[in-house]
Amino acid sequence: MVKLLKVHGSENKFFILDQTLLEKALNDEELKRLAINLCQDVLDGADGLLVIDTSENCLGKMRVINADGSEAKMCGNGLRTVSRYLCEKYHLEDFKVETMSADLSVSKADDFYENVPAFSVEISPISFQKDTLPFAYKDLDQMIDEHVPEFLPDQSFSAVAVPNPHLISFVPEVSQLELGDLGQRLNRKNPYFPEGVNVSFAQILNTNKLFVQTYERGVGFTNACGTGMSATSLMFAMLHSDQFDPEKDIEVYNPGGMVKTHITLESQPENSQIRLIGNATFTHELEVPEDELHQNKLQTIQVTITGEEDNYRQFVNSINNKN
Ligand SMILES: N[C@@H](CCC[C@H](N)C(=O)O)C(=O)O
């Protein structure tokens, strides 16, 4: 029997599969099929599958398979949960995790709330270049606070890779209808973002206080997107310096709860540092025979509820009562 976990960071939900526990690792096609199946049908589904592999230079390697089977370079909310998993497995609190584009430093943080474990993770590398994202719009090499009427007539947009591609717009109030429509348009064949893009609308609530909602590439609406909230915090620091206090963390509220980010802005914004801090909650433990994973026939799953979700709900109630 192989143990899988169901986890979340700000209710951005994932399954974790530690491939190092298997007799034979799943190949890419098997992982893709398993991700689609788990995310659609198991325990009310999820937004992706996080795969842990061995790494030469780091404590472990994380791969991110979206709900539609596509692979992403990074996952901020997911990395916190993988960090907790590796921390508990190897009894270390400060280490690096290999991801597709970079080895990222992660560390255990103070609990977010009573019995709500939290981790702090590095979000990197940052790029604004059209070839990295990639995007194409007129003769722009970078899209920073640009008016793009083809997207929406009354908003301005910034594109940044961290390294997942993100399109960000600050709005007085988030319209789910407009966010969903734009997210769908830019994630099917389109002339602007050939590889799709995660689209976030952000509301500035106060100094260092944001609300961010994201339509994710390969998933759709999620409760929260870690790299999206990190990219939005960076754009907030760059574009709204009058409401940004660099000495303090930024509180980023989202439909699934709240995370904190810390932005150290450099004169070359691509050299800036981003930390994402938030919950790493394990909601379920699953036991599945290994051959059922390979065959993607999940017939004999045994599920144990951890009880951690009750603590997380108390945290969410506490922030709702405060606001
Ligand atoms: N939810 C994630 C991002 C997952 C990848 C994204 N959908 C993409 O395709 O770029 C996060 O928390 O960062």
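In this text, all values refer to a predicted model and were calculated from it rather than measured experimentally. (Residues numbered from 1 in each chain as written. Predicted model: local features only at pLDDT ≥ 70, side-chain atom pairs only at ≥ 80, totals over all residues. Heavy atoms only, no water.)

Chemist: Report on the overall build of the chain, specifying residues and quantitative values.
Modeler: Secondary structure summary: the chain contains six helices and 19 strands in total. Judged by the C-alpha coordinates and their principal axes, the chain covers about 55 × 45 × 40 Å. Counting all 323 residues of the chain, 57% fall into the buried class. Long-range pairs, those at least 24 residues apart, make up 63% of the contacts in the chain with a sequence separation of at least 6. (Helix = DSSP H or I, 4+ residues; strand = E, 2+ residues; numbered from the N terminus. Buried < 20%, exposed > 50% of the residue type's maximum accessible area, 1.4 Å probe, protein only. Contact = heavy atoms within 4.5 Å.)

Chemist: Any details on empty space enclosed by the protein? Residues and values, ideally.
Modeler: The gaps of empty space that remain are located by a probe, the size of a water molecule, rolled over the atoms. Enumeration according to the criterion identifies one cavity of 30 Å³ or more in this entry. Reported here for the largest cavity is a volume of approximately 130 Å³. Together, 18 residues line the largest cavity, and N66, M74, C75, N164 and E216 are the ones closest to its centre. Within the residue set of the lining of the largest cavity, elements represented by two or more residues are strand 2 (12-18), strand 4 (60-66) and helix 4 (226-239). For the lining of the largest cavity, the class distribution of residues is seven nonpolar, eight polar and three charged. (1 Å grid on protein atoms, 1.4 Å probe; cavity = no way out; pocket = protein on both sides within 12 Å on 5 of 7 lines; lining within 4 Å. Points joined across faces, edges and corners; volume = space filled by probe spheres on them. Nonpolar A, V, L, I, M, F, W, Y, C, P; charged D, E, K, R; others polar.)

Chemist: Give a detailed account of the site of the ligand, specifying residues and quantitative values.
Modeler: The environment of the ligand is made up of 14 residues, and the closest members are N12, G76, E216, G226 and T227. Within the backbone of N77, one N or O atom sits 3.0 Å away from an oxygen atom of the ligand. Between an oxygen atom of the ligand and a side-chain N or O atom of N198, the distance comes to 2.9 Å. Considered on its own, the ligand offers 370 Å² of accessible surface; in the complex 99% of this is hidden by protein. Placement of the ligand is best described as lying within the largest cavity. For the shell around the ligand, the secondary structure elements donating two or more residues are helix 2 (76-90) and helix 4. Along the lines of polarity and charge, the residues of the shell around the ligand split into four nonpolar, eight polar and two charged. A domain-level breakdown of the shell around the ligand finds at least three residues from each of domain 1 (2-123 + 280-322) and domain 2 (146-274). (Near = heavy atom within 4 Å. Polar contact = N/O pair within 3.5 Å; in protein donor to acceptor, adjacent residues only side chain to side chain. Areas by Shrake-Rupley, 256 points an atom, 1.4 Å probe, with all protein chains shown as cover. Sits in = over half its atoms within 2 Å of the grid points. Domains from an automatic or database assignment.)

Chemist: Run through the layout of surface pockets, naming residues and quoting values.
Modeler: Considering only enclosed or pocket space, the largest pocket measures out at about 180 Å³ in volume. The wall of the largest pocket is formed by K3, L4, L5, I16, D18, L21, Y85, E88, F282, E285, T306 and E308. Breaking the lining of the largest pocket down by element, the ones donating at least two residues are strand 1 (2-9), strand 2, helix 2 and strand 18 (281-288). Its volume calculated, the second largest pocket comes out at about 160 Å³. Taken together, K6, V7, H8, E11, K13, L43, D44, T283, H284, I305 and E309 form the lining of the second largest pocket. Of all elements in the fold, only strand 1 and strand 18 reach the threshold of two or more residues within the lining of the second largest pocket. Looking at which element gives the most residues to the lining of the second largest pocket, the answer is strand 1, with three residues.

Chemist: Help me get a handle on the pairing of strand 2, residues and values and all.
Modeler: With respect to burial, strand 2 is a largely interior element, six of its seven residues being buried. Inspection of the sheet shows strand 1 paired to strand 2 by six bridges, in the antiparallel sense. When the sheet's bridge partners are listed, V7 is paired in strand 2 with F14. Connecting strand 1 to the next strand, strand 2, in antiparallel fashion are two residues, including S10 with a positive phi near 55°. (Pairing = 2+ DSSP bridges.)

Chemist: With reference to specific residues and values, describe the nonpolar core.
Modeler: What tends to happen in soluble globular proteins is that the nonpolar side chains get buried as a cluster. Counting residues in hydrophobic clusters, the biggest one holds 49 residues, and the most contacted among them are L50, M62, L79 and V160. When residues of this core are assigned to their parent elements, the largest contribution, six residues, is made by helix 4. Excluding residues within four positions of it along the chain, L50 makes contact with F14, F15, I16, L17, M62, R63, V64, C75, G78, T81 and V82. Counting 23 residues, the second largest nonpolar core, distinct from the first, contains M143, F151, F201 and Y215. (Core = buried A, V, L, I, M, F, W, Y, C linked by side-chain atoms within 4.5 Å.)

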